[in-house]
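Tertiary structure, described
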Amino acid sequence: MTAETTGVRFDCDGPVATVTLCRPDVLNAQTPAMWRAMSDFSRDLPGDVRVVVVRGEGRAFSAGLDLAVAGATGPGSFAELAALPEAECADRIVEYQGGFTWLHRPDVVSIAAVQGHAIGAGFQLALACDMRVLAADAKLSMAEVTLGLVPDLAGTRRLVELVGYSRALEICATGRRMDAAEADRIGLATLVVPNDELDAAVRDLSAGLLANNRDAIVEIKALLAGAANRSHAEQQRAEREAQTRRIRDLAGRGE
């Protein structure tokens, strides 16, 4: 499958992989074919990749679900999904979610480079990444509610973790748009930079991650990702165990 047929381009440059949504003529509106392509790519990701950058070609990150596909009658359309038994419909959505959830994997750090619109599925794709670097013109919205739908591409928990339940409910239930300054203020953005500095900022962030020990970063990511679900005592134990592994590994005594 080519980028022309899937709408996604994949490039690897040593330890950095780049996922580019490449349908700029429709502001990188997403389709089930794109989600399958991203999921397939994750299974073939080279073992030396440490950083995954997700970006959109052109002036937008992603305007969300491609309504021309969803509103049709073919594969991936609402009509097709509605005709399936409930369990099969849910299973199909699990497949779609796989295009997003692989960005959570513990052995890589994922960075969304967001310019212009990140709407609905676009917002959820940015949320799937560990970090979000926003250009000053970024506009974010969880717009599913405006279609009578709910966010279903693994974005709801991530949003609550970042901004809290009350703010997440307000964002999802109103579908309103927020600018980069607000996203920064409420904790959605890792960095906000001028538009012409977006690429350089992502390169600098990637370089900073690559400058440090891979195994230490994997342990740090696991510690932080699980912290909210552990008690203080459990987190302290996890820290002790992770540090013991690092000390033994650095001393040549690791498994």
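Okay, so let's go over this structure. (Residues numbered from 1 in each chain as written. Predicted model: local features only at pLDDT ≥ 70, side-chain atom pairs only at ≥ 80, totals over all residues. Heavy atoms only, no water.)

**What to know about the overall build of the chain**
- When its secondary structure is counted, the chain shows 12 helices and nine strands.
- In summary, the chain has a C-alpha radius of gyration of 19 Å against a globular reference of 18 Å for 255 residues, a match within 12%.
- Taken over the C-alpha atoms alone, the chain extends approximately 60 × 40 × 35 Å along its principal axes.
- Within the chain, the fraction of its 255 residues that count as buried is 44%. (Helix = DSSP H or I, 4+ residues; strand = E, 2+ residues; numbered from the N terminus. Rg over C-alpha atoms; globule rule 2.2 N^0.38 Å. Buried < 20%, exposed > 50% of the residue type's maximum accessible area, 1.4 Å probe, protein only.)

**Remarks on a nonpolar patch on the surface**
- A surface patch of nonpolar side chains, about 330 Å² in accessible area, is lined by Leu67, Phe78, Leu147 and Leu149.
- Within the secondary structure, Leu149 sits in the loop between β7 (139–141) and α7 (156–163).
- The class of Leu149 is partly exposed, set by a relative accessible area of 33%. (Patch = residues over 30% accessible without salt bridge, like charges linked within 9 Å, V, L, I, M, F, W, Y side chains within 5 Å. Areas by Shrake-Rupley, 256 points an atom, 1.4 Å probe, with all protein chains shown as cover. Salt bridge = Lys/Arg side-chain N within 4 Å of Asp/Glu carboxyl O.)

**Digging into the packing of aromatic side chains**
- Taken as a whole and assessed by the stated rule, the structure comprises four aromatic pairs.
- Pairwise contacts between aromatic rings join Phe10, Phe41 and Trp102 into one cluster. (Phe/Tyr/Trp six-rings, centres within 6.5 Å; stacked < 30°, edge-to-face > 60°.)

**Focus: the nonpolar core**
- In terms of nonpolar packing, the biggest core is built from 45 residues, with Val52, Leu159 and Leu188 touching the most fellow members.
- At six residues, the largest contribution of residues to this core is made by helix α6 (residues 121–128).
- The residues touching Leu188, leaving out its near neighbours within four places in the chain, are Phe123, Leu127, Arg132, Leu159, Leu162, Val163, Met178 and Ala183.
- One finds Val53, Val109, Ile111 and Met131 within the second-largest nonpolar core, a separate group that totals 16 residues. (Core = buried A, V, L, I, M, F, W, Y, C linked by side-chain atoms within 4.5 Å. Contact = heavy atoms within 4.5 Å.)

**Observations concerning the sheet that holds β7**
- The mixed open sheet is built from three strands, whose spatial order is β5-β7-β8. Each edge of the sheet is formed by a strand with only one pairing partner; in this case those strands are β5 (117–119) and β8 (178–179).
- Alignment of β5 against β7, held across three bridges, turns out to be parallel. Of the residues in β7, the one forming a bridge with Ile119 is Ser141.
- Strand contacts of α6: β5 and β7, with the helix running at about 95° to β5, the strand carrying the most contacts. (Pairing = 2+ DSSP bridges. Axes fitted to C-alpha atoms, helices over the stretch in contact; angles between N-to-C directions.)

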